[in-house]
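Structural features, examined
These are the residues of each chain, in order.
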Amino acid sequence: MARVLSNEILEKLLKQELNTKTLEYTGHFGGGCINEGQSFKTDTGVVFVKTNKHTGSRVMFEGELNSLEALMKTNTVRVPRPVKVLDYPEGNGSMLVMEHLDLRGLKNPGFQAALGQQLARLHLHNIEKLNKGDSDAVSKFGFTGATCCGYISLTNEWKDDWMDFYVNQRLENRIQMVLKENQDRELQDFWAKLKTKIPEYFTGLEIKPSLLHGDLWGGNVGEIDSGPVIFDPASFYGHHEFELAIAGMFGGFSTEFYNAYHQLIPKAPGFEERQKLYQLFHYINHWNHFGSSYRPAAISIMKSLTAI
């Protein structure tokens, strides 16, 4: 495989920005359908440099850096330590430098259970601070700046009401993106019906903001020798149940994970219906990113929710 980051200009930039005389390529690659990356030895340890050469990638990486920092501060979950965001030396792209971890797939049943407990503690962290009246507790839904679930930026304007935030800054936002490209009458009609029913799914619930990873599917979790790790976040303060929606869509999480999570945060009445409502965002978001192959799943959820 060819080296992803090999030009002298880039290596000079990294040496300068990381204040290191040593910058040795390790042979470790990473990445997926959106970003590429590789690791380097430096004077202070091994770093992973994640790159994207497209316009707008700085917003994505700044959102990821802010998310990692917020998650780290809770001392509940293990994430790679972020270092800094840099502009790519050629073109419009950018890069995120972070701690390198020797990640492998999350297979250990004990680590699955540990992640379930850790995730629940993450979700309870801000709620417990609110209950104690801590001055630094977050009382609204949103986040400090844009994040990207995929490569399309999300609006995270602070809102007092969770339904307002979710309907307008998640569902409405992404549905209108689809409709801008394709005037799908069935999508329009089901969305108009569903909006009127959404309050029914939250009857009797008091929802307080939890800090979320925001994109917790099986490809964004792993393990190292000491335990589970989560990465590639798109964090915001939202309803803790939202986190489990994408986790249940693509697999990768065991019974031990869910049991451990729900020991600390039991399911509330209406949980299963709200999971469908939260999965709808991810199917619509995938439709925006990867095309209409995700349309049947999105329409199916809307049809089932409006029929209840």
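Note that this is a predicted model, so its numbers are computed, not measured.

Description of the packing of helix α4 (residues 162–181) against helix α5 (residues 185–197)
The geometry of α4 relative to α5 is characterised by a closest axis approach of 11 Å and an angle of 165° between their N-to-C directions. Here α4 lies roughly antiparallel to α5, going by the angle between them. Here α4 runs over α5; the crossing is left-handed. Touching Val167, Leu171, Glu172, Ile175, Val178 and Leu179 of α4 are Leu187, Gln188, Trp191 and Lys195, all from α5. Among the residues forming the contact of α4 with α5, the class breakdown is 7 nonpolar, 1 polar and 2 charged.

Details of helix α3 (residues 109–132)
Along its 24 residues, α3 runs 34 Å from first to last C-alpha, staying within 8% of the 34 Å computed at 1.5 Å per residue. The opening residue of α3 is Asn108, an N-cap whose side-chain oxygen sits 2.7 Å from the backbone nitrogen of Gly110. Following α3 by one or two positions, Gly133 has its phi on the positive side, about 75°.

Things to note about the domain arrangement of the chain
Domains assigned within the chain are domain 1 (1–99) and domain 2 (104–305). Every contact between the two is made by 18 residues of domain 1 and, on the other side, 25 residues of domain 2. Carbon and sulfur atoms make up 73% of the area that domain 1 and domain 2 hide from each other, which totals about 1700 Å². In terms of surface lost to domain 2, no three residues of domain 1 exceed Leu71, Thr76 and Arg78, which account for 29% of the buried area on that side. Summed over the shared surface of domain 1 and domain 2, the result is 1 salt bridge. Lys50 serves as the salt-bridge partner of Asp232, at 2.6 Å between the closest nitrogen and oxygen. Viewed at the interface, domain 2 and domain 1 are joined by 3 residue pairs in polar contact (both at pLDDT 80 or more). Here the side of domain 1 that touches domain 2 gets 9 residues from one element, more than from any other, and that element is helix α2 (residues 57–73). Partitioned by chemical class, the residues of the side of domain 1 that touches domain 2 number 10 nonpolar, 5 polar and 3 charged.

Points about the pairing of strand β4 (residues 82–87)
Where β4 meets strand β5 (residues 94–99), 5 bridges bridge the pair, whose relative direction is antiparallel. Each residue of the ladder has a partner; that of Val85, found in β5, is Leu96. The antiparallel pairing of β4 with β5 creates a hairpin that spans 6 residues between the two strands, and Gly91 there sits at a positive phi of about 90°.

A short note on the state of the cysteines
For the structure shown, the criterion picks out 0 disulfides. The thiol of Cys148 is not disulfide-bonded; the next cysteine sulfur, from Cys149, is found 9.0 Å away. Its relative accessible area of 10% is what places Cys148 among the buried residues. A relative accessible area of 3% means that Cys149 is categorised as buried.

So, the packing of aromatic side chains
Overall, the coordinates contain 18 aromatic pairs when judged by the stated rule. Centre to centre, the rings of Tyr166 and Tyr278 are 5.0 Å apart; their planes meet at 90°, and the pair counts as edge-to-face. Within this pair, whereas Tyr166 is found in helix α4, its partner Tyr278 is found in helix α8 (residues 271–290), the two being separated by 112 residues in sequence. Here the two residues Tyr166 and Tyr278 agree in accessibility, since each one is buried. Relative to Phe250, the ring of Trp217 lies with its centre 6.4 Å away and its plane at 80°, an arrangement referred to as edge-to-face. On the criterion of sequence distance, the pair formed by Trp217 in the loop between β8 (210–212) and β9 (221–224) and Phe250 in the loop between α6 (242–247) and α7 (255–264) is long-range, its members being 33 residues apart. When its relative accessible area of 35% is taken as the criterion, Trp217 is described as partly exposed. By relative accessible area, Phe250 is classed as partly exposed at 37%. Taken together, the ring pairs connect Phe141, Trp162, Phe165, Tyr166, Phe202, Phe236, Phe242, Tyr278 and Phe281 into an aromatic cluster. Positioned above the aromatic ring of Phe236 is the side chain of Arg170, whose terminal nitrogen or guanidinium carbon lies 4.5 Å from the ring centre.

Focus: the packing of α8 against helix α9 (residues 295–307)
Remark: α8 packs on α9, axes separated minimally by 9 Å, with the N-to-C direction vectors making an angle of 150°. One way to sum up the angle between α8 and α9 is to call them roughly antiparallel. Between α8 and α9 the crossing geometry is left-handed. Along the contact surface, α8 presents Glu273, Lys276, Leu277, Gln279, Leu280, Tyr283, Ile284 and Trp287, while α9 presents Arg295, Ala297, Ala298, Ile301, Met302, Ser304 and Leu305. Across the contact of α8 with α9, the residue classes tally to 10 nonpolar, 2 polar and 3 charged.

What to know about the nonpolar core
Where a protein is soluble and globular, its nonpolar side chains tend to be buried together. Within the largest apolar cluster, 62 residues are counted, with the highest numbers of intra-cluster contacts made by Trp162, Leu187, Leu194 and Leu277. Here this core spans two domains, and each of domain 1 (1–99) and domain 2 (104–305) adds at least three residues to it. For Leu277, the contacting residues outside a window of four places in its chain are Tyr166, Leu171, Leu194, Ile198, Tyr201, Phe202 and Leu305. Judged by nonpolar contacts, the second largest core, of 12 residues, contains Leu13, Val49, Met95 and Val97.

Rules used throughout
Residues numbered from 1 in each chain as written. Predicted model: local features only at pLDDT ≥ 70, side-chain atom pairs only at ≥ 80, totals over all residues. Heavy atoms only, no water. Axes fitted to C-alpha atoms, helices over the stretch in contact; angles between N-to-C directions. Helix = DSSP H or I, 4+ residues; strand = E, 2+ residues; numbered from the N terminus. Parallel < 35°, antiparallel > 145°, perpendicular 65-115°, else oblique. Left-handed = near helix turned anticlockwise from the far one by under 90°. Contact = heavy atoms within 4.5 Å. Nonpolar A, V, L, I, M, F, W, Y, C, P; charged D, E, K, R; others polar. Expected span 1.5 Å × (residues − 1). Polar contact = N/O pair within 3.5 Å; in protein donor to acceptor, adjacent residues only side chain to side chain. Domains from an automatic or database assignment. Buried area = accessible area lost by both parts, 1.4 Å probe. Salt bridge = Lys/Arg side-chain N within 4 Å of Asp/Glu carboxyl O. Pairing = 2+ DSSP bridges. Disulfide = S-S within 2.5 Å. Buried < 20%, exposed > 50% of the residue type's maximum accessible area, 1.4 Å probe, protein only. Phe/Tyr/Trp six-rings, centres within 6.5 Å; stacked < 30°, edge-to-face > 60°. Lys NZ or Arg CZ within 6 Å of the ring centre and 35° of its normal. Core = buried A, V, L, I, M, F, W, Y, C linked by side-chain atoms within 4.5 Å.

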